[in-house]
Amino acid sequence: MRVVLMGPPGSGKGTQAEQLVSRFQMKHLSSGDIFRQTRASGSDLADKLAEYMDAGKLIPDEIVVEMMAKAIASADGPGGLLLDGFPRTVAQAEALDEQLAQANTPLDAIVLLTCDDATIIGRITGRRSCPSCGKVYHVTFMPPANEGVCDTCGTELTQRDDDTESVVSQRLDAYRNQTEPVLAYYKAKTELKMIEADGRDDPKAICQEIAEALA
Ligand code: AMP
């Protein structure tokens, strides 16, 4: 099964991805995680990626398509593939379709998480994560036992550079202008299952709803 998980930043894609991949044994590919890792590795592309990511803008399609095509070509789990954060433009969606058609492994479903702007901004600006083990917290909704320190490994928590209020509003603009047209592109493909869930609901209930719709 090959699924694309869509939704604005802060709608809960990361949380759902974690639960769905463990439930269905899928390989999870998050484009944001891939770009953050590439930046951290100090590759030649690091400065260019940082320029776009820190401004809340989308990285140019040529770079995204090449990097994601490589990741997809070498990724598969027994339950298939869950794409999270990719594609984010119609050009990326077309490139993905072409790659999957050549491999004879087309998409099966699109999962869309919806969320309002006020909830998104509250969630994102309060988000903190552990740079060592990757565990994600929220200063109000899911605080660590000791303020500012990871429960699991004791490392000091950090805020993503692009999780500030001004950058979030740029990221929301990018979603509306460049990513919402991807939804229209997929809705026109009648062979695809479209599953929509309210990203404000309880994460376990959302996962159950999505899992039932995918089955
Ligand atoms: P995310 O963690 O998915 O919110 O992504 C963080 C940042 O990485 C985004 O704000 C973009 O700058 C960049 N990014 C991630 N995925 C894509 C994509 N498919 N196309 C363009 N830029 C992306």
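For the structure, see preceding data.
Numbering of residues starts from 1 in each chain and follows the order in which that chain's sequence is written. In view of the model being predicted, local features appear only for residues whose pLDDT reaches at least 70, and side-chain atom pairs are presented and counted only at 80 or more, with totals across whole chains, interfaces and linings using the full set of residues. In computing side-chain properties, one takes all heavy atoms of the structure into account and sets aside hydrogens as well as water.

Let's talk about the overall build of the chain
Applied cut-off: Here a strand is any run of E in DSSP of at least two residues, a helix any run of H or I of at least four, and the numbering for each starts at the N terminus. Radius of gyration here is computed from C-alpha atoms only, and the compact-globule reference equals 2.2 Å multiplied by the residue count raised to the power 0.38. When a residue's accessible area, from a 1.4 Å probe over protein chains only, is under 20% of the maximum for its type it is buried; when over 50% it is exposed; and in between it is partly exposed. The contact criterion used is simple: two residues touch if any of their non-hydrogen atoms lie within 4.5 Å. Values of accessible area rely on a 1.4 Å probe in the Shrake-Rupley scheme; residue burial ignores everything except the protein chains shown. Residues scored as positive are Lys and Arg, those scored as negative are Asp and Glu, and His as well as the terminal groups of each chain are ignored. Charged groups are reduced to one reference atom each: NZ for lysine, CZ for arginine, CG for aspartic acid, CD for glutamic acid.
Counting secondary structure elements, the chain contains eight helices and seven strands. In terms of C-alpha radius of gyration, the chain reaches 17 Å, essentially the compact-globule figure of 17 Å for 215 residues. Expressed as lengths along the three principal axes of its C-alpha atoms, the size of the chain is roughly 50 × 40 × 30 Å. Going through the 215 residues of the chain one by one, you find that 43% of them count as buried. For the chain, long-range pairs separated by at least 24 residues make up 69% of all intrachain contacts whose partners lie at least 6 apart in sequence. Carbon and sulfur atoms provide 49% of the accessible area of the chain, an area that totals close to 10,900 Å². With 22 positive and 33 negative side-chain charges, the chain shows a separation of 2 Å between the mean positions of the two kinds.

Examining the site of the ligand
Selection rule: Each residue is tested against the molecule or strand, and it is near if at least one of its non-hydrogen atoms lies within 4 Å. Polar contacts, as counted here, are pairs of nitrogen or oxygen atoms within 3.5 Å of one another; within protein the pair requires one atom able to donate a hydrogen and one able to accept it, and residues that are adjacent in sequence qualify only if both atoms are side-chain atoms. Each residue gets one of three labels, nonpolar for Ala, Val, Leu, Ile, Met, Phe, Trp, Tyr, Cys and Pro, charged for Asp, Glu, Lys and Arg, and polar for the others, Gly among them.
Among the 16 residues in the neighbourhood of the ligand, the closest are listed as Ser-31, Arg-36, Lys-57, Gly-85 and Gln-92. Lys-57 places a main-chain nitrogen or oxygen 2.7 Å from an oxygen atom of the ligand. For the shell around the ligand, the leading source of residues is helix α2 (residues 31-40), giving four residues. Across the shell around the ligand, the residue classes break down as six nonpolar, four polar and six charged.

Brief notes about the packing of helix α4 (residues 61-73) against helix α5 (residues 90-102)
The line we're drawing: Angles here are taken between N-to-C directions and fall from 0 to 180 degrees, while the axes themselves are lines fitted to C-alpha atoms, restricted in helices to the stretch in contact. These descriptions rest on fixed angle ranges, namely under 35 degrees for roughly parallel, over 145 for roughly antiparallel, 65 to 115 for roughly perpendicular, and the rest for oblique. Each helix crossing is assigned a hand: it is left-handed if the near helix lies turned anticlockwise from the far helix by less than a right angle, otherwise right-handed if that turn is clockwise.
Here α4 crosses α5 at 30 degrees, and the two axes come no closer than 10 Å. As summarised for this structure, α4 and α5 are arranged roughly parallel, according to the angle between their axes. Handedness of the crossing formed by α4 with α5: right-handed. Contacts between α4 and α5 involve Asp-61, Val-64, Val-65, Ala-69, Ile-72 and Ala-73 on the former and, on the latter, Ala-91, Gln-92, Ala-95, Leu-96, Gln-99 and Leu-100. Of the residues contributing to the contact of α4 with α5, the split by class is nine nonpolar, two polar and one charged.

So, the pattern of salt bridges
Put simply, the test is: The term salt bridge refers to a pairing of a side-chain nitrogen on Lys or Arg with a carboxyl oxygen on Asp or Glu at a separation within 4 Å.
Here the structure, examined in full by the defined rule, presents 13 salt bridges. A salt bridge links Asp-116 to Arg-200; the shortest N-O distance between them is 3.6 Å. With a gap of 84 residues between them, Asp-116 in the loop between β4 (109-114) and α6 (117-125) and Arg-200 in the loop between β7 (193-198) and α8 (203-214) connect regions that are remote in the sequence. Assessed through its relative accessible area of 29%, Asp-116 is described here as partly exposed. Accessibility expressed as a relative area gives 49% for Arg-200, which makes it partly exposed. In this structure, Arg-171 engages Asp-162 in a salt bridge whose closest nitrogen and oxygen atoms are separated by 3.9 Å. What makes Arg-171 buried here is its relative accessible area of 12%.

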